[in-house]
Amino acid sequence: MEYIYASLLLYKAGKELSEENIKKVLEAAGVAVDEVRVKSLVAALKNIDIAKVLEQALAAPVAAAPVQAAPAQAPPKEEKPAEEEEKKEEGVSEETLAEGLSALFG
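Quick look at the structure, then. Nothing here was measured: the structure is a model prediction, and the numbers come from that model.

### Some points on the overall build of the chain
Per the secondary structure count, the chain includes 6 helices and 0 strands. Taken from N to C terminus, the helices and strands of the chain fall in the order α-α-α-α-α-α. Counting across all 106 residues of the chain, residues that qualify as buried make up 12%. Across the chain, the fraction of contacts at a sequence separation of at least 24, relative to all contacts at a separation of at least 6, is 44%. A total of about 9200 Å² of accessible surface is found on the chain, and carbon and sulfur atoms cover 58% of it.

### Here's the deal with a nonpolar patch on the surface
Taken together, the side chains of Met-1, Ile-4, Tyr-5, Leu-8, Tyr-11 and Leu-54 define a hydrophobic patch exposed on the protein surface, amounting to about 570 Å² of accessible area. The greatest single-element share of the nonpolar patch, amounting to 4 residues, is contributed by helix α1 (residues 2–13). Looking at where Leu-8 falls in the secondary structure, it is placed in helix α1. For Leu-8, a relative accessible area of 31% gives the class partly exposed.

### Observations regarding α1
The terminal C-alpha atoms of α1, which comprises 12 residues, lie 16 Å apart, in line with the 16 Å expected from a rise of 1.5 Å per residue. Inspection of α1 places Tyr-3, Ala-6, Ser-7 and Leu-10 among the buried residues, and these make up the whole buried set. The buried residues of α1 occupy one face: seen down the axis, they fall within an arc of 95 degrees. Across from the buried face of α1, at angles greater than 90 degrees, the exposed residues are Tyr-5, Leu-9 and Lys-12. Tucked inside the fold, the buried residues of α1 contact α2 (19–28) and α3 (35–45). Downstream of α1 by one or two residues, Gly-14 has phi in the positive range, about 80 degrees.

What counts and how
Residues numbered from 1 in each chain as written. Predicted model: local features only at pLDDT ≥ 70, side-chain atom pairs only at ≥ 80, totals over all residues. Heavy atoms only, no water. Helix = DSSP H or I, 4+ residues; strand = E, 2+ residues; numbered from the N terminus. Buried < 20%, exposed > 50% of the residue type's maximum accessible area, 1.4 Å probe, protein only. Contact = heavy atoms within 4.5 Å. Areas by Shrake-Rupley, 256 points an atom, 1.4 Å probe, with all protein chains shown as cover. Patch = residues over 30% accessible without salt bridge, like charges linked within 9 Å, V, L, I, M, F, W, Y side chains within 5 Å. Salt bridge = Lys/Arg side-chain N within 4 Å of Asp/Glu carboxyl O. Expected span 1.5 Å × (residues − 1). Arc of directions from axis to C-beta.

None of the figures reported here should be taken as evidence of function without further support.
See the structure below:
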């Protein structure tokens, strides 16, 4: 994430997004620089219009804000005692069992 932040900082400052500049920003922040990550970041950003991406990112949360409304809380369900559940399990009729078996074996 710090690599992206470094590139955004350079963009905002109007500086060139080069390997050397990103390394300087990362080193100034006390981050151990990974050469491979820097090279892949610079290569990936070469074909990206950062201004357009930032504009889209800033517009997206505004459109999604109404969706983040607090969900309606359902009334708490009454918990049934375990004994009642066991009775229901035992209460399966022989007909239901026969239907299940016949479905398995045709």
